[in-house]
Number of protein chains: 2
Amino acid sequence: MDFAYADELNRTIRIVALKHRARAAALLADLGLYPGQEIVLLELDTLGPRKQAELAVSCECEPPTVSQLVRKLEIAGLITRQPSTTDARAIVVDLTDRGRALMGPLKSRWIELAEVTAAGLETTKPDELLSVVHELARSLCPAAALRLDQRFERRSECRQRTIN
Amino acid sequence: MDFAYADELNRTIRIVALKHRARAAALLADLGLYPGQEIVLLELDTLGPRKQAELAVSCECEPPTVSQLVRKLEIAGLITRQPSTTDARAIVVDLTDRGRALMGPLKSRWIELAEVTAAGLETTKPDELLSVVHELARSLCPAAALRLDQRFERRSECRQRTIN
DNA sequence: TACCTAAGATTAGGCGCCTAACTTCCAACC
DNA sequence: GGTTGGAAGTTAGGCGCCTAATCTTAGGTA
């Protein structure tokens, strides 16, 4: 691979990463959330109460990160942390009513973020976009991509069919 | 747009962002660099000595960020900071010999990062990959995408031609 | 000349994210 | 039943990145 291509690819991915996060930050700001926290909330909403260790896996970040995220979300009154009844080491995290009440607005911002992200597509179709980004994820972290596959099983099957 | 699509798109982009940065961190670690610093060095190498304000623009980050990056790179002995002769407010940053000596290894890691990133592509061709990611950048931050266009003028013209 | 807006840079403080090191507890094994 | 290896969680410290506020200087205008 030549340097020019590599440079452009790396730079562009970096910009997408930076700006996607910045957009998220702007959209989440008036909910009192910082980017990263929304993942935890969305996770708890769709999968139910979970131990922090499980959250770390499904949020694709390390235990210390989830530890801090969860602490601040608890202070904000959006989640509860209760020691597990079956494992004295584990802590089970769940949404509070305030947290659940936030999910509506949060989900609509989440959709808005994706819309803004895909708004400038001209030659690329939505399915193709998802396919390409997903291949990137698979390339950079097979384990994470696999977890994404499991989560979005039906859609990814559809994509497989249209590709083959 | 439905929530399932938005969720998958946002999550996947987030994972790509996280893992791309993690890969960069791993590759840069034994050069004594942290991700973010390489951009400054690459910038100085290709564009020559520049004021911090200019670096902030071309590195796509804010002045305080560049201020800290530059301070640490100076401590590391990779760059110099000298007050501008024409503007008493400005500081001109340049590579030292040690910094220049690092560019070879740095560029090869940069290529390696892009190779790893694109290694898992099956159905997507390199040009298509760049095109899609670039459309994402354009969508999220037109100004940044425009600056990328100027930087990689020839390649982006080629892409335009193959698309139209 | 004096003024005043804007630009360049820094500091302070906060966020997510990481690794390394530590504590507590589970569970399997001798 | 005591021992040991690993899992869950936290703390400490460091990184890039951000916004807001501050200071100094540049450069046009009254």
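Everything discussed here concerns the structure shown above.
Residues numbered from 1 in each chain as written. Chains lettered and ligands numbered in written order. Predicted model: local features only at pLDDT ≥ 70, side-chain atom pairs only at ≥ 80, totals over all residues. Heavy atoms only, no water.

Overview of the nonpolar core
Worth spelling out the cut-off: Among buried residues, the Ala, Val, Leu, Ile, Met, Phe, Trp, Tyr and Cys ones that are joined through side-chain atoms within 4.5 Å form a nonpolar core. For the exposure calls, accessible area comes from a 1.4 Å probe over protein chains only, and a residue counts as buried if that area is under 20% of its type's maximum, exposed if over 50%, partly exposed in between. Counting from the N terminus, the helices are DSSP H or I runs at least four residues long and the strands are E runs at least two residues long. Only heavy atoms matter for contacts: two residues are in contact if any of them lie within 4.5 Å across the pair.
Grouped together as the largest cluster of nonpolar side chains are 43 residues, with contacts concentrated most on Leu9, Val16 and Leu129 of chain A together with Leu9, Val16 and Leu129 of chain B. Mapped by element, the contributors of at least two residues to this core are α1 (3-29), α5 (97-118), α6 (126-140) and α7 (142-151) of chain A together with α1 (3-29), α5 (97-118), α6 (126-140) and α7 (142-151) of chain B. Beyond its immediate chain neighbours, meaning those up to four positions away, Leu9 of chain A contacts Ala114, Ala118, Leu129 and Leu130 of chain B. Membership of the second largest hydrophobic core comes to 27 residues, among which are Leu31, Val66, Leu78 and Leu106 of chain A.

Thoughts on the pairing of strand β3 (residues 91-95) of chain A
Residues and elements named next belong to chain A. For clarity, the cut-off: DSSP calls a pair of strands paired once it identifies at least 2 bridges connecting them.
Pairing of strand β1 (residues 50-51) with β3 involves two bridges; the strand directions are antiparallel. Its bridge partner lying in β3, Lys51 is registered against Val92. Of the pairings in the sheet, the one linking strand β2 (residues 79-83) to β3 comprises five bridges and is antiparallel in character. Each residue of the ladder has a partner; that of Pro83, found in β3, is Ile91.

A short note on the protein's contact with DNA strand D
Cut-off, in case you're wondering: Proximity criterion: a residue is near a molecule or strand once any of its heavy atoms comes within 4 Å of it. N or O atoms within 3.5 Å of each other form a polar contact, as long as, within protein, one can give a hydrogen and the other can take it, and as long as residues adjacent in sequence are counted only when both atoms are side-chain atoms. Note that Gly is not counted as nonpolar here; it falls among the polar residues with everything else outside the nonpolar set of Ala, Val, Leu, Ile, Met, Phe, Trp, Tyr, Cys and Pro and the charged set of Asp, Glu, Lys and Arg.
Neighbouring residues of DNA strand D: 26 residues in total, closest Ala53, Ser67, Arg81 and Ile91 of chain A together with Gln37 of chain B. Between Arg14 of chain A and DNA strand D, the recorded distance is 2.8 Å, taken from a side-chain N or O atom to a phosphate oxygen. Sorting the residues of the surface near DNA strand D by element identifies α3 (52-58) and α4 (63-75) of chain A together with α4 (63-75) of chain B as the ones contributing at least two each. In terms of residue count, the dominant contributor to the surface near DNA strand D is α4 of chain B (five residues). Its residues assigned to classes, the surface near DNA strand D comprises eleven nonpolar, six polar and nine charged.

Here we look at the state of the cysteines
Residues and elements named next belong to chain B. The line we're drawing: Defined by distance alone, a disulfide is two cysteine sulfur atoms within 2.5 Å.
Going through the model one piece at a time under the given rule, you end up with zero disulfides over all chains. Not part of a disulfide, Cys61 finds its nearest cysteine sulfur in Cys59, a span of 5.3 Å. Among the residues examined, Cys61 registers a relative accessible area of 14% and is labelled buried.

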